[in-house]
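What follows is the residue order along each chain.
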Amino acid sequence: MSGKGGERGERKMETGIAAVEKVGGRSTVTRCFSKYPLKLIVPNKVGSSKTDAVWIYTLSYGGGIVSVYKSVDSKCSEQVLEARIGRNALLAVIPDPVTCFSTARYSQKQVFRVFSDSNLVIVDWITSGRHESGEKWEFELYRSTNQIFLEEDQPLFLDSVLLEQASTCSIAERMQEYHVIAMVIILGPMLKHVQNQVQDEVKKMMSRHFRVPTPTAGHYMRSESQSGPTRPALVASCSAFGPQAIGVVVRIAAVTTESVYMFLRHHLATLEPFLGVIPYG
Amino acid sequence: MSEQTQNCLMDCDMEEMSADNVKTSPADHLQQWSQWQLLDSILPTGGFAHSSGLEAAVQARFVVGPEDLKFYIIQVLENTGSLLLPYVYCASKFPDVESWFKLDRLLEATLTNEVSRKASASQGSALLRVAASIYVEIPSLKQMRDTYLGSGAASFHHAPIFGLICGLLGFDSSTSQRAYMFITMRDVVSAATRLNLIGPLGASVLQHQIAHVAEQMTKKWMDRPVEEASQTSPLVDIVQGCHGYLFSRLFCS
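Residues numbered from 1 in each chain as written. Chains lettered and ligands numbered in written order. Predicted model: local features only at pLDDT ≥ 70, side-chain atom pairs only at ≥ 80, totals over all residues. Heavy atoms only, no water.

### Quick word on the overall build of chain A
What counts, and what does not: Numbering of helices and strands runs from the N terminus; a helix is a DSSP stretch of H or I covering at least four residues, while a strand is a stretch of E covering at least two. Burial classification: accessible surface area is computed with a 1.4 Å probe over protein chains only, and a residue below 20% of its type maximum counts as buried, one above 50% as exposed, and the rest as partly exposed. Two residues qualify as a contact provided that any one of their heavy atoms is within 4.5 Å of a heavy atom in the partner residue. Working definition of accessibility: Shrake-Rupley area with a 1.4 Å probe, residue cover restricted to the visible protein chains.
Tallying secondary structure elements over chain A gives four helices and 16 strands in all. When each of the 281 residues of chain A is scored for burial, the buried share is 46%. Across chain A, the fraction of contacts at a sequence separation of at least 24, relative to all contacts at a separation of at least 6, is 66%. Put simply, chain A shows about 13,700 Å² of open surface, and 51% of that area lies on carbon and sulfur atoms.

### Considerations on the overall build of chain B
Along its length, chain B carries twelve helices and zero strands. Across chain B, helices and strands are ordered from the amino to the carboxyl terminus as α-α-α-α-α-α-α-α-α-α-α-α. Taking the principal axes of the C-alpha coordinates as reference, chain B spans close to 85 × 45 × 30 Å. The proportion of buried residues among the 253 residues of chain B is 54%. For chain B, the computed accessible surface area is about 11,400 Å², with 59% contributed by carbon and sulfur atoms.

### A look at the packing of aromatic side chains
Centre distance and the angle of the planes are the two values used to describe a pair of aromatic rings. Note the cut-off: Centres within 6.5 Å are what make two rings of Phe, Tyr or Trp a pair, Trp counting through its six-membered ring; a difference in plane orientation under 30 degrees is then read as stacked, over 60 as edge-to-face, and the rest as tilted. By definition, being over a ring means that NZ of Lys or CZ of Arg is both within 6 Å of the ring centre and within 35 degrees of the ring normal.
Applying the stated criterion to the full structure yields 14 aromatic pairs over all chains. A ring pair is formed by W55 of chain A and Y57 of chain A, whose centres lie 6.2 Å apart and whose planes are at 25 degrees; its orientation type is stacked. For W55 of chain A, a relative accessible area of 16% corresponds to the buried category. Classification of Y57 of chain A by relative accessible area gives partly exposed; the value is 41%. Taken together, a centroid distance of 5.9 Å and an interplanar angle of 85 degrees make the contact between W125 of chain A and Y280 of chain A edge-to-face. Of this pair, W125 of chain A sits in strand 11 (residues 119-127) while Y280 of chain A sits in the segment after helix 4 (272-275), and the two are 155 residues apart along the sequence. Relative accessible area serves as the criterion here: at 12%, Y280 of chain A is assigned to the buried category. These aromatic residues form a ring-pair network of at least three members: Y106, W137, F139 and Y142 of chain A. Looking at R130 of chain A, its charged tip hangs above the ring of F101 of chain A, at a distance of 3.7 Å from the centre. Here R231 of chain A stacks its cationic end above the ring of F62 of chain B, 5.2 Å away from the centre of that ring.

### Section: the confidence of the model for chain B
All names here are of chain B. Test applied: For every residue, the predictor states its confidence as a pLDDT score lying anywhere from 0 to 100.
On average, chain B scores 90 in pLDDT, and the residues at 70 or more come to 91%. For chain B, the element scoring lowest by mean pLDDT is helix 1 (residues 3-23), at 52; helix 5 (residues 85-93) scores highest, at 98. Per-residue pLDDT stays below 50 along residues 15-21; that stretch engages in zero contacts with residues further than four places along the chain or on separate chains.

### Details of the pairing of strand 16 (residues 247-254) of chain A
Residues and elements named next belong to chain A. Rules: In this analysis, strands are considered paired if DSSP registers two or more bridges between them.
Among the eight residues that make up strand 16, eight are buried, leaving the element largely enclosed by the rest of the structure. Burial along strand 16 is two-sided: the face carrying G247, V249, R251 and A253 and the face carrying V248, V250, I252 and A254 are both buried. Bridge count for strand 14 (residues 180-187) against strand 16 is eight bridges, and the pairing is antiparallel. Along strand 16, the bridge assignment pairs V184 with V250. Examined bridge by bridge, strand 15 (residues 234-241) and strand 16 share eight bridges and lie antiparallel to one another.

### With respect to the environment of N88 of chain A
Residues and elements named next belong to chain A. Tracing the chain through its elements places N88 in the loop between strand 7 (77-84) and strand 8 (90-93). On the basis of relative accessible area, N88 is assigned to the exposed category, the value being 54%. In sequence terms N88 and S144 are 56 residues apart; their C-alpha atoms lie 27 Å from each other. With residues near it in sequence (within four places) discarded, N88 still touches D117, S118, N119 and M190.

### Quick notes on the packing of helix 5 of chain B against helix 10 (residues 173-194) of chain B
Residue and element names in this part refer to chain B. Here is the rule we go by: Angles here are taken between N-to-C directions and fall from 0 to 180 degrees, while the axes themselves are lines fitted to C-alpha atoms, restricted in helices to the stretch in contact. Note on convention: the crossing is left-handed when the near helix lies turned anticlockwise from the far helix by less than a right angle, right-handed when the turn is clockwise. All residues other than Ala, Val, Leu, Ile, Met, Phe, Trp, Tyr, Cys, Pro, Asp, Glu, Lys and Arg, Gly among them, are scored as polar; the first ten of these are nonpolar and the last four charged.
With their axes 9 Å apart at the nearest point, helix 5 and helix 10 run at an angle of 145 degrees to one another. Relative to helix 10, helix 5 is oriented so that their crossing is right-handed. In this structure, helix 5 contributes L85, V88, Y89, S92 and K93 to the contact, and helix 10 contributes S173, S176, Q177, Y180 and M181. For the contact of helix 5 with helix 10, the residue count by class is five nonpolar, four polar and one charged.

### A closer look at the nonpolar core
Among soluble globular proteins, nonpolar side chains are generally buried collectively. For clarity, the cut-off: Only buried Ala, Val, Leu, Ile, Met, Phe, Trp, Tyr and Cys residues count toward a nonpolar core, and they belong to the same one when joined by side-chain atoms within 4.5 Å.
Counting residues in hydrophobic clusters, the biggest one holds 125 residues, and the most contacted among them are V250 of chain A together with L38, L54 and F162 of chain B. Considering every element that reaches this core, the biggest residue donor is helix 10 of chain B, with nine residues. In contact with L54 of chain B, other than residues within four places in its own chain, are V63, L69, Y72, V188, A191, A192, L195 and L197 of chain B. With 19 residues, the next largest nonpolar core counts L81, I122, F157 and M183 of chain A among its residues.

### Topic: the interface of chain B and chain A
We apply this condition: Throughout, buried area stands for the accessible area (probe radius 1.4 Å) lost by two parts on being put together, summed over both. When a carboxyl oxygen of Asp or Glu is within 4 Å of a side-chain nitrogen of Lys or Arg, the pair counts as a salt bridge. Polar contact criterion, stated in full: a pair of N or O atoms within 3.5 Å, where within protein one must be able to donate a hydrogen and the other to accept it, and residues adjacent in sequence count only if both atoms are side-chain atoms.
Residue-level contacts link 41 residues of chain B with 46 residues of chain A. With both chains or domains summed, chain B and chain A bury close to 4,000 Å², and 60% of this area falls on carbon and sulfur atoms. Interface area lost by chain B to chain A is led by R61, I238 and Y245 of chain B, which between them contribute 20%. At the junction of chain B and chain A, the tally comes to one salt bridge. For the pair chain B and chain A, the number of links is 15 residue pairs in polar contact (both at pLDDT 80 or more). Listing elements by their share of the side of chain B that touches chain A, those giving two or more residues are helix 3 (54-59), helix 4 (66-83), helix 6 (97-110), helix 7 (114-134), helix 11 (200-221) and helix 12 (234-241) of chain B. Ranked by residue count, the leading element in the side of chain B that touches chain A is helix 12 of chain B, at five residues. Considering only residue class, the side of chain B that touches chain A consists of 20 nonpolar, 15 polar and six charged.

Okay, structure coming up:
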């Protein structure tokens, strides 16, 4: 895994590199380097010592990677992560959500290169801002790009979400009452059971919200002022992707951050044997 | 009339004819017939089977009134502009099979929403089949279809196919992109009438009301490289992805 950071307009420099390899049958950090403003921390022990996993925490000086401050001179805060995942290996990228403050501009790009038997879990999510201060989707720009390539640069998953204030429609109007959006990618043969469980449960959860249309369907256009069932507080959909559906992507919108933490805790719990702890536990 | 005056008058006539030709030649006139046919909803491409997530949006109560409907359609147009217009642009600018195939593979990886991915492939395949039959003066359409259909190597996604056909028919890339936005709007509005959200006359009024917004979106998102393709309406994407969870449905997506 290598991390890169830098401000637009300046020369991009690698500010961090880490490598994890099997040494003597155990996953070991064979390389770890970071320099300001990035810091990579490798705690000695996270979770059970029986688990063969390495945890790497990333920190950014200046308030943490997850908080993005006001943009100065329309510079954009930019983060780039590039990772190569080997055969039969697993990388889980499980951060806290990004919170962009009012007028912030933030851009991140994550590129993953995998083999057909590599495994990958990516959580990428953002909240609407500092709720306490009444900030709701008030940042200027947020862009998050996630790309996964198979051997020989074959594109497997190319996604880019762009939220920008626009004259026709503000981000807040677009997001309505939802304060969090999240994306979870689960990829690889080792995670088939996790994929199947997520797909089944999301389908069950969402099916409850879809009412059967009545013969008087035309009437609901007139009764919008009447109270009735409201929109789901958490709405999600799940899609398979890739040859032989090797991957699954879940997209979520929720009113509260806590409900998404619960969702992630629940669905990623089956990763405990691989990671040593329950993510977001 | 003197011979001089006669010649002068003849020259004037010739100039007028040339001026007319510069504006619209017979070739341009013929092109308009092909253009209108391509954008006509009567073309049997199966566009009527897709609602761009509107059916799911209605059932999940994201669209309950006329203002919601208008807002939803605008969101769909914005997302179409930001995500798909680059593909129409590039395919129409480089309307050759090799470029098309690369775009098709890229879009396959970009349409991560399974519902919209399948809808795109289904509509694109139907459009190619129809275009190959109609535009026999462009043999490459049929050749390309024959080559890639059996192998399963291509998905025949809608936006690149649409751009390719426009390019091969001689439309400029600006018209091609505007046309793609038009047919997207056309199909969502049509779906709204069939979902009983709005009557046919009301739908036509709405379509004209939103036209200037659609034009704004087209201008905003046109002429971009595919590397910039992104989605700008996450809620629309999520709701569209829920189509498979609907208890009963009229549409495929």
